[in-house]
Number of protein chains: 2
Amino acid sequence: MLSALLAQARGLCGDAQVQAGDGIEARYLQPARYGAGQAAGMVRPATVTEVSALMTLAAEHGARVIAQGAHTGLVRAGTPTDASRDLLLSTERLKQVFELDLLDRTVRLSAGFRLSELNERLAEHGLWFPVDLSADPSIGGMLAHNTGGTRMLRYGDVRANTLGLEVVLAEPAGQVLRCGQGLQKDNSALALGHLFIGSSGSLGVITEATLKLSPLPRQRAVALVAPSGLGPVFPLYQTVMQRWGVLVSAFEGISRAALEAGLHGQDPSRWFSGTLPDYALLIELSSELPAEQLDLNGLLQGWLESEFESGRVADAVLDADEAIWGLRHRISEGLRAQGKVIGLDLSLPRRAFMVFREEGSAWLALHHPQMRLADFGHLGDGGMHFNMVWPTEAGPLAPAQELALREGLYRLVAAHGGSISAEHGVGPQLQQAYAAHWRQVSPATLEWAKRVQVLFDPHGRLGSTHWGG
Amino acid sequence: MLSALLAQARGLCGDAQVQAGDGIEARYLQPARYGAGQAAGMVRPATVTEVSALMTLAAEHGARVIAQGAHTGLVRAGTPTDASRDLLLSTERLKQVFELDLLDRTVRLSAGFRLSELNERLAEHGLWFPVDLSADPSIGGMLAHNTGGTRMLRYGDVRANTLGLEVVLAEPAGQVLRCGQGLQKDNSALALGHLFIGSSGSLGVITEATLKLSPLPRQRAVALVAPSGLGPVFPLYQTVMQRWGVLVSAFEGISRAALEAGLHGQDPSRWFSGTLPDYALLIELSSELPAEQLDLNGLLQGWLESEFESGRVADAVLDADEAIWGLRHRISEGLRAQGKVIGLDLSLPRRAFMVFREEGSAWLALHHPQMRLADFGHLGDGGMHFNMVWPTEAGPLAPAQELALREGLYRLVAAHGGSISAEHGVGPQLQQAYAAHWRQVSPATLEWAKRVQVLFDPHGRLGSTHWGG
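Calculation notes
Residues numbered from 1 in each chain as written. Chains lettered and ligands numbered in written order. Predicted model: local features only at pLDDT ≥ 70, side-chain atom pairs only at ≥ 80, totals over all residues. Heavy atoms only, no water. Phe/Tyr/Trp six-rings, centres within 6.5 Å; stacked < 30°, edge-to-face > 60°. Helix = DSSP H or I, 4+ residues; strand = E, 2+ residues; numbered from the N terminus. Buried < 20%, exposed > 50% of the residue type's maximum accessible area, 1.4 Å probe, protein only. Lys NZ or Arg CZ within 6 Å of the ring centre and 35° of its normal. Contact = heavy atoms within 4.5 Å. Pairing = 2+ DSSP bridges. Axes fitted to C-alpha atoms, helices over the stretch in contact; angles between N-to-C directions.

Peer 1: Report on the packing of aromatic side chains, specifying residues and quantitative values.
Peer 2: Per the stated rule, a full pass over the model turns up 20 aromatic pairs over all chains. Judged by centre distance (5.4 Å) and plane angle (80°), the rings of Phe196 of chain B and Phe456 of chain B are edge-to-face. Of the two residues, Phe196 of chain B sits in helix α7 (residues 193-196) while Phe456 of chain B sits in helix α16 (residues 443-456), which places them 260 residues apart along the sequence. Note on accessibility: Phe196 of chain B and Phe456 of chain B belong to one class, buried. Aromatic side chains Tyr237 of chain B and Phe251 of chain B sit 5.1 Å apart centroid to centroid with 80° between the ring planes, which places their arrangement in the edge-to-face category. With a gap of 14 residues between them, Tyr237 of chain B in helix α8 (residues 233-244) and Phe251 of chain B in strand β13 (residues 248-255) connect regions that are remote in the sequence. In this pair, the class of Tyr237 of chain B matches that of Phe251 of chain B, namely buried. Among the aromatic residues, those joined into a cluster by ring pairs are Phe234, Tyr237, Phe251 and Phe353 of chain A. One residue, Arg151 of chain B, lies across the ring of Trp325 of chain B, its end atom 4.7 Å from the ring centre.

Right under this line is the structure:
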């Protein structure tokens, strides 16, 4: 199985950087969610030249290249599946380039760096790459999936913070394409680079990027808020945005079940004076100005008091941001402790957000009564993690039931003009749902996506997402 | 000359909406800069259905479609040139759709609306589309050229504020492609829509867009600043960004010659206590917070006083923003009064900005001593309008001299890693320079741009920009 290719890869990258079939370490094959994959071999190139040479070898030997960053993705795009022809290309050693430009506030860096490594290096300069996630992906993986996160409301997604890309192509095999020159303002060419962002590694292997950096905020004020019901949620959102606009760096929604998972046995009275609310909001303000010049905590507190009097807010906790964010980030872990998690990464127009939530939970109660809904999400940008738990005590979940569940809910998403992948990407995990969705919403999208994929990868040598359906 | 096509177009859109050859009104043929064009006919469809039908007719009759919005572009992309086969498709009547979603803060609208019309309708809701220009283009034209403007530093370009597109394609002729569903967060498909943004109307006719809107700031503070020399310019920029980050909504640079053009005979003592500085800065802060909560004028004034004491600022005027912006926006008009303007729309890495300026003006003085440099630009995002005036008294400028001038300066731009089109687009006006630039910087970019253009428009039926060079 590709043994000749692997021998050449050893010559190219060194023996220690190549693993064959059964010898591949488990972490390369086991994704963050869902079952393990398999591959004919794994190779860890250190430079773009090596990536290019490997792509040429793959073409000669008829291998399929699956690029993988930190393997934190949730749609299996980085997990190989074919033991006879998949060459897993790990980008974790791509770390040759790290050029920080403090005047432009940009960094040009190799795709193998992790988000945490980047932000550690930036902190001493008062800067950060503001795409904020629970996971710690590689830069290449973040680009391949156009990750969003909790601060997207203020800073935008990965796409909005990318100024340039270097990509190794499948055809001509190993060709290196540079998109953009890392400038803030540039309209001197077609926007080819954007095609690769969010393409799940299907159009090229991203080896380097130039990213836009932001000044680290000098203060944050965070509140966990219990609105008096679901009705006031979006009016509160609108008020906050009209008052504070760009100072609002997060506006998250958390259902009671998700709150309970985040509490993880902790006493709720730490958080609310009464019982847990049906739905809570996490509201964060942040600013480059220090608190002496602009008192964000005071602004937030004063507003919450007035909303308490007006009756739209029932309870609220202003706290050290770490404690509240800790609660928020423990939700996923708490849910996994309860059983099998089925996570739908949706986004919806805000007008349809609560309607979908209501219809979705009613549908769930009717058709899958044992499934527990514990949704939460980035309400400020329309993102909703419609996560469900199949309780351990209910026994294994039949694949057909999971499929029926997903299909039913995705149909509802399409009916409300929503997206079936807000920020996780597509990949093989969503392949079937993706094709069904776009066949319903816009068949021309499938048709054109296929043409573009065939243009960049006519022989199917890259990734396992089929954009044509 | 396409008379059968024009007859069918009359049947489709009505007699009043079609003009043939010599009967085409001058404004459709005369661009904002450079000489007039010509066309076989002009048609003004009112709906996407009519645009689609016209594209089919054009294919049948072998016509080339040149889409035109408000005809304010500076690269002639909307100006037809071929009297025998060009069909000018004006989008100015495309105004059927205008759906404002106050909860999502988005608008879905037809491409024919002008920026000013959009912002007038938004003002009553406390919102605006924050791409701020001197011209008043159509929404379709802004998308086709991905305009930037003076507030890009804070709000991003048109691309960053676009959530969805509707495009009519050349092949299959008249096919309507919808890219995105207008959601803030969506990674459920390849990012095909981005290809059309900044493509100068060469890949499809944009008929509709969904745009992201921003809250109107409640206050602005603007200062015109004379730094003590060129040395402190970027240190001042860095200080401002580190202090105020996202509150900084403009940071413009204006050379003395451009200042003089903007003054247009006005007494300079209105602005500065002494003589005009060699280089001035326009710095604007803005915020959604009212002045009672955050005193932007006070912040700016206090900082300027400290910089005056530190010696980095020699003089400064804090004024009503209209007066300062008026001066800034009169520059182009003032230059036109002096002679023929050659405008280069550049952007450069900040580290190379002043070096390029110095080398460029030295090269100019050596090779084209009669040419007067009067540069200004969006220093905050690296944009530089390297504008030059060929004085009226010097007689006509020979085309060969203009070409040599552009070539010499564009070579210098490439050597410094800059862009030859920051925000105006490419179009036929920059065709030659574009091809030369990318042949030098990255031949693969030309190769891939050509493949993509051939994919969308295999028979050359759309626009007059050749992305393959």
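Peer 1: Before we move on, can you summarise the environment of Asp381 of chain A with the specific residues and values?
Peer 2: The topology assignment puts Asp381 of chain A in the loop between β18 (376-377) and β19 (383-391). Asp381 of chain A sits in the buried class, given a relative accessible area of 5%. The sequence separation of Asp381 of chain A and Gly343 of chain A amounts to 38 residues, and the corresponding C-alpha distance is 18 Å. Contacts of Asp381 of chain A, omitting those with residues within four sequence positions, involve Gly149, Met152, Leu153 and Arg350 of chain A together with Gln184 and Lys185 of chain B.

Peer 1: Account for the sheet that holds strand β9 (residues 176-179) of chain B, with residues named and values stated.
Peer 2: All names here are of chain B. If you walk across this open sheet you meet the five strands as β5-β6-β10-β8-β9, and the pairing is antiparallel. Edge positions in the sheet fall to β5 (98-101) and β9, since each of these pairs with one other strand and no more. Strand-to-strand twist of the sheet, defined as the mean angle between neighbouring strand axes without regard to direction, takes the value 10°. The pairing of strand β6 (residues 106-110) with strand β10 (residues 205-212) spans five bridges and is classified as antiparallel.

Peer 1: Requested: an account of the pairing of strand β6 (residues 106-110) of chain A, with residues and values cited.
Peer 2: All names here are of chain A. Where burial is concerned, most of β6 is hidden: four out of the five residues are buried. Two strands pair when backbone bridges link them, and strand β5 (residues 98-101) and β6 are joined in this way by four bridges, in the antiparallel orientation. Looking across to β6, one finds that Asp101 is bridged to Thr106. Hairpin geometry of β5 and β6 is characterised by an intervening segment of four residues between the two adjacent antiparallel strands and by a positive phi of about 50° at Arg105.

Peer 1: Go over unusual backbone geometry with me, naming the residues and quoting the values.
Peer 2: Residue and element names in this part refer to chain A. Between Glu171 and the following residue, Pro172, the backbone shows a cis peptide bond with an omega angle of -5°. One non-glycine residue, Ser200, lies in the positive phi region at around 55°. As for its position among the elements, Ser200 is in the loop between α7 (193-196) and β10 (205-212).

Peer 1: Tell me about the sheet that holds strand β4 (residues 86-90) of chain A, and please be specific about residues and values.
Peer 2: All names here are of chain A. Reading across from one edge, β1-β2-β4-β3 is the order of the four strands in this open sheet, with mixed pairing throughout. Two strands in the sheet have a free side with no partner beyond their single neighbour: β1 (18-20) and β3 (64-68). Averaged over all pairs of adjacent strands, the angle between strand axes in this sheet comes to 20°, irrespective of strand direction. Of the strands in this sheet, β1, β2 (41-43) and β4 are in contact with helix α1 (residues 3-13), which crosses β1 at around 160°.

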